[in-house]
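# Fold and geometry: a report
Okay, here's what each chain looks like letter by letter:
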Amino acid sequence: MPTYSQLIATGSYLPERILDNHELSTWVDTSDEWIVTRTGIRQRHIAAEGQGSVDMATRAAERALQQAGLQAADIDLIIVATTTPDQIFPSTACLVQARLGNQGAAAFDVQAVCTGFIYALATADQFLRTGAARRALVIGVETMSRIVDWKDRSTCILFGDGAGAVILQAADTPGILSTHLHADGRYAELLQVAVDESYLQMQGNAVFRMAVRALGDIVQETLAANGLEGKDIDWLVPHQANIRIIQATADKLNLPMERVVVTVGEHGNVSAASVPLALDSAAQQNCFRPGQLLLLEAFGGGFTWGSALLRWV
Ligand code: UT7
């Protein structure tokens, strides 16, 4: 019986339309200089009219399946992490399943905001380790442009749309070495879309401080659980919210920025899609070598935070 899961393929999709900081500055009181200095973001992709999370997730999944040389029917578990489903139900996972032409796989969504993909990956890993599934499709997708107040300069500059997907396969050797998940619901008001509000609200500075602390702690927790030190990590694949948060986490690990996957400049913060988009972007550029150790981490609304340590195969 397999006791591990291996990540065997990645795929992603970004909508065609690119909104750069200069264009954004034409309708909100901000500047390219402020956004780049404070966040590292230069542009973000925005879904077309009528294009939603199911469309983008399906495209990313098709690319991951193609890269793995698999058919949709080969998948027996589909987990989608999203904060921006197209409809309340059925789940995005079921709608993507139908688009892909898969029948019978277990399919459900996970809601952990920006940490959603790490939660989904950890969940799929548990299914594969116990033998409950053999091949999982794990997707992070967001249409953040739909829940952003485009008149609020403190939030609208940060977010973008897109999807990333991975395929996990049961195996006798790792693969995923460990996953670590945490949440603390006391901080809900600092980052939320309340029931009586249409838009995302965030107290950016307070979130920033919590993110730096929680991510610093979780990378140390992950190293300690595996008897490793920062120098043993080949690649940090962080959530892409703010370059300054990413740098702080890399510092905690004593990792030079050359070993950190940074896509925040091109993608902005794509919430649950950030980590799989970064992963696929680096994989496409052949950054990762078999046997290398990748540390994935994220922090987001809830608050939620989590990490996964995996060996690239
Ligand atoms: O993915 C989920 C987790 N989310 C995050 O991790 C986001 C965490 N937060 C952040 O990344 C940062 O807090 C922000 C990028 C959102 C804001 O950066 P900051 O350095 O924390 O700035 P601030 O909110 O303290 O605002 C500083 C100043 C304020 O002006 P005053 O009060 O000092 O006069 C803001 O009004 O910057 C002003 N400001 C802006 N100015 C130009 C806020 N937004 C903008 C803007 N353009 N877009």
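Right above here is the structure, for reference.
None of these values were measured; they are calculated from a predicted model.

### Some words on the overall build of the protein chain
In terms of helices and strands, the protein chain carries 10 helices and 13 strands. Relative to a compact globule of 313 residues, whose C-alpha radius of gyration would be 20 Å, the protein chain shows 18 Å and is just as compact. Overall, the C-alpha framework of the protein chain stretches about 60 × 45 × 40 Å when taken along its three principal axes. For the protein chain, the proportion of its 313 residues judged to be buried stands at 56%. Taking all contacts inside the protein chain whose residues are at least 6 apart in sequence as the whole, residues at least 24 apart take part in 76%. Roughly 13,000 Å² of accessible area belongs to the protein chain as shown, and the carbon and sulfur atoms make up 49% of that amount.

### Describing the side chain of S5
Examined against the element boundaries, S5 turns out to sit in strand β1 (residues 4-13). For S5, a relative accessible area of 0% corresponds to the buried category. For S5, the side chain forms a polar contact with the side chain of D125, separated by 2.7 Å.

### A closer look at the packing of helix α3 (residues 53-68) against helix α4 (residues 92-100)
At a minimum axis separation of 9 Å, α3 and α4 run at an interaxial angle of 55°. One way to sum up the angle between α3 and α4 is to call them oblique. Crossing angle aside, the handedness with which α3 passes α4 is right-handed. Taken together, the residues of α4 that come into contact with α3 (itself represented by V54, D55, A57, T58, A61, E62 and L65) are T92, L95, V96, R99 and L100. Across the contact of α3 with α4, the residue classes break down as seven nonpolar, two polar and three charged.

### Regarding the sheet that holds strand β6 (residues 135-143)
Taken together, five strands build an open sheet; the order of strands is β1-β7-β6-β4-β5 and the sheet is mixed. At either margin of the open sheet sits one strand with a lone partner, and together these are β1 and β5 (106-110). The average undirected angle you get between the axes of adjacent strands in this sheet is 20°. Where β1 lies against strand β7 (residues 161-171), nine bridges are found, and the strand directions are antiparallel. Each bridged residue has a counterpart across the sheet, and for T10 the counterpart in β7 is V166. Where α4 meets the sheet, it contacts β4 (77-81), β5 and β6, and its direction lies at approximately 135° from that of β5. Those strands touched by helix α10 (residues 274-284) are β1, β6 and β7, and its axis lies near 90° from that of β1.

### Here's the deal with the packing of aromatic side chains
Scanning the entire structure with this criterion turns up seven aromatic pairs. Between W235 and F288 the ring centres are 5.7 Å apart and the planes differ by 75°, which places this aromatic pair in the edge-to-face class. Of this pair, W235 sits in strand β11 (residues 235-238) while F288 sits in the loop between α10 and β12 (293-300), placing them 53 residues apart in sequence. Look at W235 and you get buried, because its relative accessible area is 13%.

### A few points about the site of the ligand
Among the 23 residues in the neighbourhood of the ligand, the closest are listed as T30, R38, N205, N242 and N269. Here a nitrogen atom of the ligand sits 2.7 Å away from a polar atom, N or O, in the side chain of T30. Bound to the protein, the ligand loses 73% of the 950 Å² it would expose on its own. When residues of the shell around the ligand are traced back to their parent elements, those giving at least two are α2 (32-39), α6 (153-156), α7 (204-225) and α8 (243-253). Here the shell around the ligand takes four residues from α7, the largest share from any one element. Partitioned by chemical class, the residues of the shell around the ligand number 11 nonpolar, eight polar and four charged.

Rules used throughout
- Within every chain, residues take consecutive numbers counted from 1 along the sequence as written.
- Side-chain atom pairs in this predicted model are given and counted only at pLDDT of 80 or more, local residue features only at pLDDT of at least 70, and totals for whole chains, interfaces and linings cover all residues.
- Values reported for side chains reflect all heavy atoms of the structure, with hydrogen atoms and water molecules removed beforehand.
- By the criteria applied, helices consist of DSSP H or I runs no shorter than four residues and strands consist of E runs no shorter than two, each listed in order from the N terminus.
- For a compact globule the rule gives 2.2 Å times the number of residues to the power 0.38, and the radius of gyration it is set against comes from C-alpha atoms.
- With a 1.4 Å probe rolled over the protein chains alone, any residue whose accessible area is under 20% of its type maximum counts as buried; one over 50% counts as exposed, and the rest are partly exposed.
- We call two residues in contact when some of their heavy atoms are within 4.5 Å.
- Per-residue and other accessible areas were derived by the Shrake-Rupley procedure at a 1.4 Å probe size, with only the shown protein chains allowed to occlude residues.
- Here a polar contact means two N or O atoms within 3.5 Å. Within protein one must be a hydrogen donor candidate and the other an acceptor candidate, and residues neighboring in sequence count only if both atoms are side-chain atoms.
- Angles here are taken between N-to-C directions and fall from 0 to 180 degrees, while the axes themselves are lines fitted to C-alpha atoms, restricted in helices to the stretch in contact.
- Oblique is the label for any angle not under 35 degrees, not over 145, and not in the 65 to 115 range, which are roughly parallel, roughly antiparallel and roughly perpendicular in turn.
- For a crossing to be left-handed, the near helix must be turned anticlockwise from the far one by less than a right angle; the clockwise case is right-handed.
- For this classification, the nonpolar set comprises Ala, Val, Leu, Ile, Met, Phe, Trp, Tyr, Cys and Pro, the charged set comprises Asp, Glu, Lys and Arg, and every other residue, Gly included, is treated as polar.
- For two strands to be treated as a pair, DSSP must find no fewer than two bridges joining them.
- Under the pairing criterion, centres of Phe, Tyr and Trp rings, with the six-membered ring standing for Trp, must be within 6.5 Å; the plane angle then separates stacked pairs below 30 degrees from edge-to-face pairs above 60, leaving the rest tilted.
- Whether a residue is near a molecule or strand depends on its heavy atoms: it is near if one of them lies within 4 Å of it.

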